[in-house]
Amino acid sequence: MIAPSQIRPPENWQDFELLCKKLWGEIWNCSDTIKRNGRNGQNQCGVDIYGAPNGGAEYYGIQCKGKDNYTQAQLTTKEIDIEIEKAKNFKPTLKAFYFATTAVKDAKIEEYIRKKNVENIGKGGFIIDIFSWEDIVDLLKERKSTYNWYINNCQYADNSDVNVSISLDDDNALHPKYFRITKKYKLRERNYTNGIWGPFMQPLSIQPISFFNPKCKVDYRWCDIYFEVSNIGSTTIEDYKIYIQIDNCQELSCNFHYCDSYLMDPVIKASINDKKDRDRELFETKWRNVLEFRPKQTKLLKNDFDDFKISVKPEDNIKEVVVQWQLLSRDYQKEGKLTIPVKPIIENKETIIYVDTPDKLKSDEEVIEPKIVEE
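This structure is a prediction, so every number in the text was calculated from the model and none was measured.

Cut-off values and rules
- Residues numbered from 1 in each chain as written.
- Predicted model: local features only at pLDDT ≥ 70, side-chain atom pairs only at ≥ 80, totals over all residues.
- Heavy atoms only, no water.
- Pairing = 2+ DSSP bridges.
- Helix = DSSP H or I, 4+ residues; strand = E, 2+ residues; numbered from the N terminus.
- Expected span 1.5 Å × (residues − 1).
- Polar contact = N/O pair within 3.5 Å; in protein donor to acceptor, adjacent residues only side chain to side chain.
- Axes fitted to C-alpha atoms, helices over the stretch in contact; angles between N-to-C directions.
- Parallel < 35°, antiparallel > 145°, perpendicular 65-115°, else oblique.
- Left-handed = near helix turned anticlockwise from the far one by under 90°.
- Contact = heavy atoms within 4.5 Å.
- Salt bridge = Lys/Arg side-chain N within 4 Å of Asp/Glu carboxyl O.
- Buried < 20%, exposed > 50% of the residue type's maximum accessible area, 1.4 Å probe, protein only.

**Student:** Help me understand the pairing of strand β13 (residues 241-247), please; the structure alone is not making it clear to me.
**Tutor:** Walk down a regular strand and you will see the side chains alternate between the two sheet faces. As paired strands, β13 and strand β19 (residues 320-328) are joined by seven bridges and run antiparallel to one another. Paired with Ile242 across the bridge in β19 is Leu327. As paired strands, β13 and strand β16 (residues 290-293) are joined by four bridges and run antiparallel to one another. The residue of β16 that forms the bridge with Gln245 is Val290.

Set out below in structure tokens:
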């Protein structure tokens, strides 16, 4: 048997919450009915786990506090007060309210809990108690079923996990650019030359053309999304790749381009393109709007990360794009979904349209068009 001093807390708060559910389910003899309270993001009234011991009609609640390994911190009196006040709103009214924490025993905190317990019971409220990690280990030793489950399935099991996050250039939204064009109609002026009325004339604007740097059209609807994949588990992720699918977009781009200058020596150009091929990590796939990230760094160590950038052109008139990702590796896989708001930037622009006769004059018109300019 493993010595109690060698039993370490779970690697993350999710596993700690699951351990508390199983442990108190066995203690309260309600393994089939003990439950986690709601889900993340919902108002839980300070209660992570609740159950009715021995099939009774009175509910007990547990607030799980992952400390030390997760936050490098101890439970504070302020946190205790806040969670107790929240628990008073739990329905139906609790019979007892426990704090379960991975923090080590603290005499001052235990004294504070005892005082709060006496105070709350004196007001007709629920029982309050606290269980530090040492207390939980003692309870584990007395509950064979939970003890064996924890040692065999969580305590020394490898924990593989990754987190995929995104960052953007500005305020966590995509900002495709558009023109709000006001079209104004004007009558073309006649040109009077040598006493004769000539045809209607419109000023001509001749732009210089550069042979070596020809202009090209730039579509300002393209936006950059920066991805970061982090190893937040306890194992090395090996031989992995990530598929990225982005819905509600017209096009995706790897930002990969071969050198194709016809002025460059073919041998040099081939060498440059060969290096580009060897260095690239993003690739198109046979599926629409799906790209594949194949990192050169084939091993992602614990606490290590890798990153890459994708350019996306959102569809017009949408509120958000949906990013779905799937990581595949030798021994592990995971998938997830992210949503990114789309907030277009609209620039005002005026266009003069000359007409030859008054009957062709129109009222001003306003249209929204993509910002596509020659540069």
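And the narrative resumes.
**Student:** Got a minute to help me understand helix α6 (residues 266-279) in this structure?
**Tutor:** The periodicity of an α-helix, 3.6 residues per turn, causes residues three or four places apart in sequence to face the same way. Taking 1.5 Å per residue, 14 residues should reach 20 Å; α6 reaches 20 Å between its end C-alpha atoms and fits that length. Here α6 starts with a cap whose side-chain oxygen sits 2.9 Å from the backbone nitrogen of Val267, and that cap is Asp265.

**Student:** I would appreciate a short explanation of the packing of helix α2 (residues 77-87) against helix α3 (residues 107-122) in the present structure.
**Tutor:** How two helices sit against one another is set out by the angle between their axes and by the gap between those axes. Where α2 meets α3, the closest approach of the two axes is 11 Å, and the angle between their N-to-C directions is 30 degrees. In terms of axis orientation, α2 runs roughly parallel to α3. Note on packing geometry: the crossing formed by α2 with α3 is right-handed. Along the contact surface, α2 presents Thr77, Ile80, Asp81 and Ile84, while α3 presents Ile109, Tyr112, Ile113 and Lys116.

**Student:** Explain the pattern of salt bridges to me, please; I cannot follow it from the model alone.
**Tutor:** When charged atoms on two side chains of opposite charge get close, those side chains can pair. A complete count under the given rule lists 31 salt bridges for this structure. Across the pair Lys116 and Glu119 runs a salt bridge whose closest N-O atoms are separated by 3.7 Å. Of this pair, Lys116 and Glu119 both sit in helix α3, three residues apart, which is roughly one turn of that helix. Relative accessible area serves as the criterion here: at 39%, Glu119 is assigned to the partly exposed category. Of the charged contacts in the structure, one is a salt bridge between Asp316 and Arg221, with a shortest N-O distance of 3.4 Å. Here Asp316, found in the loop between β18 (305-314) and β19, pairs with Arg221, found in the loop between β10 (217-219) and β11 (223-231); they are 95 residues apart in sequence, far enough to count as distant. Three or more residues are tied together by salt bridges with common partners; here these are Asp219, Arg221, Glu251, Lys313 and Asp316.

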